[in-house]
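Here is what each chain is made of, one letter per residue.
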Amino acid sequence: MDALGGFACACAGLVLLLLLAAAHRLGLLYQLRHKVDPKSSRHGGELVAEVLRAHGVRCLFALAGGHVSPVLVACEKLGLRVVDTRHEATAVFAADAVARLSGRIGVAVVTAGPGVTNTVTAVKNAQMAESPVLLLGGAAATLQRGRGALQEIDQLSLFKTLCKRRTSVRAVRDIVPALRQAIATAQSGTPGPVFVELPLDVLYPFHVVEKELGQATSPGGLRRSLVHWYLRNYVHNLFAGAWEPRDMTPLPVQVPLATAEQVQQVAELVSRASKPLVLLGSQATLPPTPVEELRAALEALGLPCYLGGMARGLLGKASALHVRQNRRDALRQADLVILAGTVCDFRLSYGRVLSRRSTVVAVNRDRAQLLRNSDVFWKPRLAVQGDAASFLVKLSQSLCGYSCPREWLEGLQEGDRRKEAANREKAAEPASAHLNPLALLHRLDALLPDDCLLVADGGDFVATAAYVVRPRAPLGWLDPGAFGTLGVGGGFALGAKLCRPEAEVWILYGDGSLGYSVMEFDTFVRHKTPVIALVGNDACWSQISREQVALLGSNVACGLEYTDYHAVAEGLGAKGFVVGSDAGEGLDAVLRAAQATCHQGRPVLVNALIGKSDFRQGSISV
Ligand SMILES: Cc1ncc(C[n+]2csc(CCOP(=O)(O)OP(=O)(O)O)c2C)c(N)n1
Ligand SMILES: [Mg+2]
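A short tour of the structure in this document, coming up. Model, not experiment: these values are computed from the prediction. (Residues numbered from 1 in each chain as written. Chains lettered and ligands numbered in written order. Predicted model: local features only at pLDDT ≥ 70, side-chain atom pairs only at ≥ 80, totals over all residues. Heavy atoms only, no water.)

Some points on the sheet that holds strand β10 (residues 359-364)
As a general point, the strands of a sheet are linked pairwise by backbone hydrogen bonds and lie either parallel or antiparallel.
Okay, so step 1: Spatial ordering of the open sheet is given by β8-β7-β9-β10-β11, a layout of five strands whose pairing is parallel. The outermost strands of the open sheet, each flanked by one partner alone, are β8 (305-307) and β11 (382-385). Strand after strand, the sheet turns through a mean of 15° between neighbouring axes, direction not considered.
Okay, so step 2: Across five bridges, the pairing between strand β9 (residues 336-340) and β10 is parallel. Note on β10: the bridge partner recorded for Val337 is Val360.
Okay, so step 3: Those strands touched by helix α13 (residues 260-272) are β9, β10 and β11, and its axis lies near 140° from that of β11. (Pairing = 2+ DSSP bridges. Helix = DSSP H or I, 4+ residues; strand = E, 2+ residues; numbered from the N terminus. Axes fitted to C-alpha atoms, helices over the stretch in contact; angles between N-to-C directions. Contact = heavy atoms within 4.5 Å.)

See the structure below:
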C-alpha cells in the first residue's frame, strides 16, 4: 500500500510538472503577472523606433513591404529619417556607410523573404569590412510558421555564417532586449552585421493580430473550442507585458585593448629600428578613438605610413609621413613593420610581401585576422589582439620625443616623387580613343575641394584612382573592402551624403559597376542627396577583360557599349554630362559644371568616355 501510495504520489508529481511545463510553454504563467491591454492601439514597430532613437540612430534605409510597415511608420513618427532605396542591397550598403562614417550602428529595414534574400551580398560585404550594421527583416507571423505563409523562408539559417548574431523575436516584450543586445554585439569586439527578424504578429497592433490570427474557423464542437482557446491564448501571450516600461539605453560595447606591456615592448622595438614602417588598415578607423585623435598620434609618432581601405585619407591630402607608392619595395627594406589593422590576406600576398628580415608586429581586434597565414608565409614577433587606433595613440604617448631616422623617410618620399612624376608622364600620353583615364583622374584630383568624400565602385578605373586621387581627410574614402563587391556605389554615396551633407560626395564608377546602382539616381533625387558620379566609361569590364583576353584568348562576357549613361541619369531627374567625345566640352569645364550643379542641390552623372591605359597591367584582376 505504501509503495502504491508512493508511486501514485510520484505520478501526480510528474503530471503536475508536465502541466506546469505546458503552462509555461503556452505563456500561461507569464500571463498571470503580465497583462494584455486589448484596447491598446500600440504596436511593436513603435518599440523598434524607440530603441533605435535611444541608440542615436538618425536615419535608416529601407525598401517597403507590408511585413515591416509598422517599423517604418513608427520611425517616421518619431522623427527618424526613413530613406527608401530602389534595391534592398542599396539599403544595406547605405547603412554600412553610415556605420563606418558615424561610428554608430547603421540600420536597414527590409521586408520578409525576397527583401531579406536581396541583402545577402551587402551583408557579407559588411561582415568582411567589419562594419556594424543592424539588418531588420520582416518575417511571416510566428503562428503561421511552416504553414505556407507568404514569403516565408528560413531566414536565420541564411545569415548563419554572415552575422555575429541572428535573432527571431518571439513576443512583443522581447523586441527591446533583442535589439539592445544585437546592437551591442554588432559594435563589440570585431564589429560586424547582425540580423533581427521581426515576425508580422509582433509588429502589428493587438486588434489587427487578433482579427487576423486569433479566430478559429474550423467546424464547431470541442475541436473548434480547443483551437479557438489555443489561438486566443497564443495571441494574448504575444502581447502580455508588451508595453511595460523597459530600459532602452545602449548596452556597454566591449573593445579589446593592448596591454601596457605590449605597448612598451613595441615602443622599444621602434626606438631600436632604423627603417620602421606602419601599415594602417580599415580597422584603425573604428571607434572609440576619434580619427582626428589617431591622426594627431600618427603625426606625433612621425613614422612613415601606408594607408589602406578606410584608413586612406587619415593623414590628409599631402602629409610627409604618408607614403603612397612602391609598397612592395618599402616592405623589402623595412626592419620593423607594424600591421595596424592590416591583414595578411590577398592584399599583402598572404604575407609573402613581408621580408623575413623584418620584425613584424601585428595588431588586430580579431584573432583569426591577426594571425592570418602567419604559420605559412610570415611570422609576427608580437601579435596583439586589440584595437589598432588606441594602441597607436598609446604608442605615441610612450614614444614622446622620438624621431624617425631621417634618411629612411626621405628615401621613401623620393620614391613617391619619382613614381608620381612617371604617372604624370603616362597621363600626358594620348589614349587609344577618348580621354586618358590618368589624365581625367589627375584633373579631378586638382579640382576636388578639401571637404569631399570619395566612393569607389569599379575595377581598373577605380583602382587607378586609388593611386592618383588623394582623399582630403580622415574618412574621406569609402571602398567595399575585402569582399571586392561591385555595386556598392549608390548605397555608399547615399549613406555618406546623409552623414556629411556639406561634403562634395563623388562616386568613382566603372561603367560596368554603375549598372548595379544607377537606379539609385532616383533615390538621390527624391531624397535630395546631391552626389556626383564620375563614370570611367571604357565600354568594358576591363579589369576582367585585361587578363581573360591575355590568358584565355577571348573577351566573351566582358564587352559593353559606350552607353549614354548621362541620359539615364537625366531620365531619373538628375543632371547628366558627357565628356571625352569629339564634340564635347573641355574636361575642366564639365567637372566644374558638375560641381556647381551638385552645389545647387541636383545629383549629377558625368559620363566620361575613356580609352585604354596600361597603368594596371599585371595587377590583380580576379
Ligand atoms: C558583384 C561582383 N560581380 C563581379 C565581380 C568581378 N569583377 C571585378 S572587377 C570587374 C570589372 C569591373 O568593370 P568596370 O566597373 O567597368 O570597371 P573597369 O575595370 O572597366 O574600370 C568585375 C566584373 C565583382 N568583383 N563583384
Ligand atoms: Mg569599364
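Overview of the coordination of the magnesium ion (ligand 2)
Okay, so step 1: At this site the magnesium ion (ligand 2) is bound by Asp511 (OD), Asp538 (OD) and Cys540 (O), with donor distances of 2.0 to 2.1 Å.
Okay, so step 2: Donor residues binding the magnesium ion (ligand 2) come from one chain and are separated in sequence as D-x26-D-x1-C. You can see Asp511 sitting in helix α22 (residues 511-517) and its partner Cys540 sitting in the loop between β15 (532-537) and α24 (542-552), a full 29 residues away along the chain. No difference in accessibility class separates Asp511 from Cys540, as the two residues are buried. (Donors = N, O, S within 2.8 Å, 3.2 Å for Na, K, Ca; no water. Buried < 20%, exposed > 50% of the residue type's maximum accessible area, 1.4 Å probe, protein only.)

Re the pairing of strand β6 (residues 194-199)
Okay, so step 1: Of all six residues making up β6, six are buried, and the element is well covered by its neighbours.
Okay, so step 2: Side chains of β6 alternate between two faces, with Val194, Val196 and Leu198 and Phe195, Glu197 and Pro199 buried alike.
Okay, so step 3: Across six bridges, the pairing between strand β4 (residues 133-139) and β6 is parallel. Each residue of the ladder has a partner; that of Leu136, found in β6, is Val196.
Okay, so step 4: The sheet contact formed by strand β5 (residues 165-168) and β6 spans four bridges and is parallel. Bridge pairing in β6 links Ser168 to Glu197.
Okay, so step 5: In this region the chain leaves β5, passes through helix α9 (residues 175-187) and returns to the parallel neighbour β6; the handedness of that crossover is right-handed. (Right-handed = clockwise from strand over helix to strand, strands pointing away.)

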